[in-house]
Amino acid sequence: MAEIEKVTRKHLRTMQMGETRTFTLPSAQACDNGKTTAYQVQNLEHCKYSVQTDYVNNRLTITKNPV
């Protein structure tokens, strides 16, 4: 799993319904920012993102679900 700088709207929009992706990020702050991005985009994309944060390993696991 390669580390990325941040979770972007493009990452989230390209996910399929029911898909789960894990992102490795550089810091806990980047995890919090990614979580915020997911919660903002779900309103625009008419879906629901479930987010789990692993602050020890700076990983964010996001699942895209229908509303």
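Okay, so let's go over this structure. (Residues numbered from 1 in each chain as written. Predicted model: local features only at pLDDT ≥ 70, side-chain atom pairs only at ≥ 80, totals over all residues. Heavy atoms only, no water.)

Overview of the overall build of the protein chain
Inference 1: Per the secondary structure count, the protein chain includes two helices and three strands.
Inference 2: Ordered by position in the sequence, the α and β elements of the protein chain form the string α-β-α-β-β.
Inference 3: Relative to the compact-globule value of 11 Å for 67 residues, the protein chain shows a C-alpha radius of gyration of 11 Å, a close match.
Inference 4: Taking the principal axes of the C-alpha coordinates as reference, the protein chain spans close to 30 × 20 × 20 Å.
Inference 5: Residue burial in the protein chain is summarised as follows: out of 67 residues, 33% are buried. (Helix = DSSP H or I, 4+ residues; strand = E, 2+ residues; numbered from the N terminus. Rg over C-alpha atoms; globule rule 2.2 N^0.38 Å. Buried < 20%, exposed > 50% of the residue type's maximum accessible area, 1.4 Å probe, protein only.)

Section: the side chain of glutamine 42
Inference 1: By the element assignment, glutamine 42 lies in helix α2 (residues 28-45).
Inference 2: You can call glutamine 42 buried: its relative accessible area is 11%.
Inference 3: Apart from the residues lying within four places of it in its own chain, the contact partners of glutamine 42 are Cys47, Lys48 and Tyr49. (Contact = heavy atoms within 4.5 Å.)

What about the sheet that holds strand β2 (residues 47-54)?
Inference 1: An order of β1-β3-β2 is seen for the three strands of this open sheet, with the pairing classed as antiparallel. The open sheet is flanked by β1 (20-24) and β2, the only strands paired with a single partner. Looking at each pair of strands side by side, their axes are set apart by 20° on average, direction ignored.
Inference 2: Examined bridge by bridge, β1 and strand β3 (residues 59-66) share five bridges and lie antiparallel to one another. Residue threonine 22 lies in a different strand from β3, and its bridge partner there is threonine 61. (Pairing = 2+ DSSP bridges. Axes fitted to C-alpha atoms, helices over the stretch in contact; angles between N-to-C directions.)

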